[in-house]
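Read off the chains here:
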Amino acid sequence: MNESVKSTGTAASRKAAIVACSNALPESGKEQIEKLTDFLNDCGLEVEISGRLYSRDGTVFSGTPKERAEELMRCYRDPAMEMIFDVSGGDVANGVLPWLDFSVIESSRAVFWGYSDLTTIINGICRKTGRPSVLYQVRNLLAEDGDWQRQAFRNYLSGASEELFDFSWKFLRGNFMEGAVAGGNIRCLLKLAGTRFWPDMRGKILLLEAAGGQAPQMAAYLAQLKLMGVFEEVNGILLGTFLAMEESGSSPGIEELVLEYAGDKVPVAKTEEIGHRTDSRGVWVGKEIRMER
């Protein structure tokens, strides 16, 4: 990769990359990335670090959209690459989409991991290739309360368990839903509206979560989804955490808003284990799930 740094552990035999398609990381984030690299090396992964991680010229950009896309495509073109971890978030990931070669992505074995603004990349990949990706921030593995995540990640790599992706839920309406997962961060998902990267929502489980925003913003996003006919297409709605709303005790809450805007037919469930919290679990966007009360 352009300006990349390769870091290998003694036991490394599988390859992974660390990239940033959205806002650049601050220079102060280098120590965290070094710790993450050390952990991934210890898990048996040979890690390649993108040369487009950090802020350029004091801006939020680590490169132009094309340059950031080129970094991602170098990962996908590497036949040994198994996992691509995007450690960024923010606002600018959707600018990368026009520069991606989806025929290469479709034939690659590499799986993309990211969250928040990377909702745009994840759903774009699924729409154009049918390939699933993981909605998860790999930096959670460094969290102080992340012991279980670190062990769950190791178990996933070894094939011992899928605990990292096992989450609990409660139904707010209905008793059952089944379908492939689409969505992620509600604000970022809606950046794809009207584009060729918007998911085909027919028969899907629509996952929605958020970091910022209060009731007025969520009501606006839900109204947009309603106007687009999304709630009439999906098999169900799965709500993750809505941090700002939940921390402030917003009224109405996200549950009440969704039940109002989604109509009275589509099943709705809520989980506290998917979203922006550091103890969140991963979810496969593009894979089928089955949920029942």
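What this report covers is the structure whose coordinates are included nearby. (Residues numbered from 1 in each chain as written. Predicted model: local features only at pLDDT ≥ 70, side-chain atom pairs only at ≥ 80, totals over all residues. Heavy atoms only, no water.)

1. A closer look at the packing of aromatic side chains
Counted by the stated rule, this structure contains eleven aromatic pairs. Plain terms: the ring middles of Phe85 and Trp113 are 5.3 Å apart, the flat faces sit at 70 degrees to each other, and that makes the pair edge-to-face. Here Phe85, found in strand E4 (residues 81-86), pairs with Trp113, found in strand E5 (residues 111-114); they are 28 residues apart in sequence, far enough to count as distant. Ring geometry for Phe102 versus Phe197: centroids 5.8 Å apart, planes at 40 degrees, classification tilted. Pair noted here: Phe102 is in helix H3 (residues 102-107) and Phe197 is in the loop between helix H6 (186-189) and strand E9 (205-210), with a separation of 95 residues, a long-range link. For the pair Phe102 and Phe197, one class covers both residues: buried. Taken together, the aromatic side chains of Phe39, Phe85, Trp113, Tyr136, Phe153, Tyr156, Phe165 and Trp284 make up a single cluster linked through ring pairs. When the ring centre of Trp148 is taken as origin, the NZ or CZ atom of Arg281, which lies over that ring, is 4.3 Å away. Of note, Lys287 hangs over the ring of Trp284, and the distance from its end group to the ring centre comes to 3.8 Å. (Phe/Tyr/Trp six-rings, centres within 6.5 Å; stacked < 30°, edge-to-face > 60°. Helix = DSSP H or I, 4+ residues; strand = E, 2+ residues; numbered from the N terminus. Buried < 20%, exposed > 50% of the residue type's maximum accessible area, 1.4 Å probe, protein only. Lys NZ or Arg CZ within 6 Å of the ring centre and 35° of its normal.)

2. Quick notes on the packing of helix H1 (residues 30-42) against helix H5 (residues 147-158)
The contact between H1 and H5 brings their axes to 11 Å, and the two run at 45 degrees. When the interaxial angle is binned, H1 and H5 end up oblique. By crossing handedness, the relation of H1 to H5 is classed as right-handed. Touching Phe39, Leu40 and Asp42 of H1 are Arg150, Phe153 and Arg154, all from H5. Looking at the contact of H1 with H5, its residues break down into three nonpolar, no polar and three charged. (Axes fitted to C-alpha atoms, helices over the stretch in contact; angles between N-to-C directions. Parallel < 35°, antiparallel > 145°, perpendicular 65-115°, else oblique. Left-handed = near helix turned anticlockwise from the far one by under 90°. Contact = heavy atoms within 4.5 Å. Nonpolar A, V, L, I, M, F, W, Y, C, P; charged D, E, K, R; others polar.)

3. So, the pairing of strand E13 (residues 288-292)
On E13, burial follows the alternation: Ile289 and Met291 on one face are buried, whereas Glu288, Arg290 and Glu292 on the facing-out side are not. With five bridges joining them, strand E8 (residues 176-185) and E13 adopt antiparallel strand pairing. Looking across to E13, one finds that Ala180 is bridged to Glu288. (Pairing = 2+ DSSP bridges.)

4. Notes on the pairing of E5
Alternating residues of E5 divide into Val111 and Trp113 and Phe112 and Gly114, and every residue in both groups is buried. Where E4 lies against E5, three bridges are found, and the strand directions are parallel. If you follow Phe85 over to E5, its bridge partner there is Trp113. Handedness of the crossover joining E4 and E5 through H3 is recorded here as right-handed. Bridge count for E5 against strand E6 (residues 133-135) is two bridges, and the pairing is parallel. Looking at the pairing, Gly114 lines up with Leu135 of E6. The parallel pair E5 and E6, bridged by helix H4 (residues 119-129), forms a crossover whose chirality is right-handed. (Right-handed = clockwise from strand over helix to strand, strands pointing away.)

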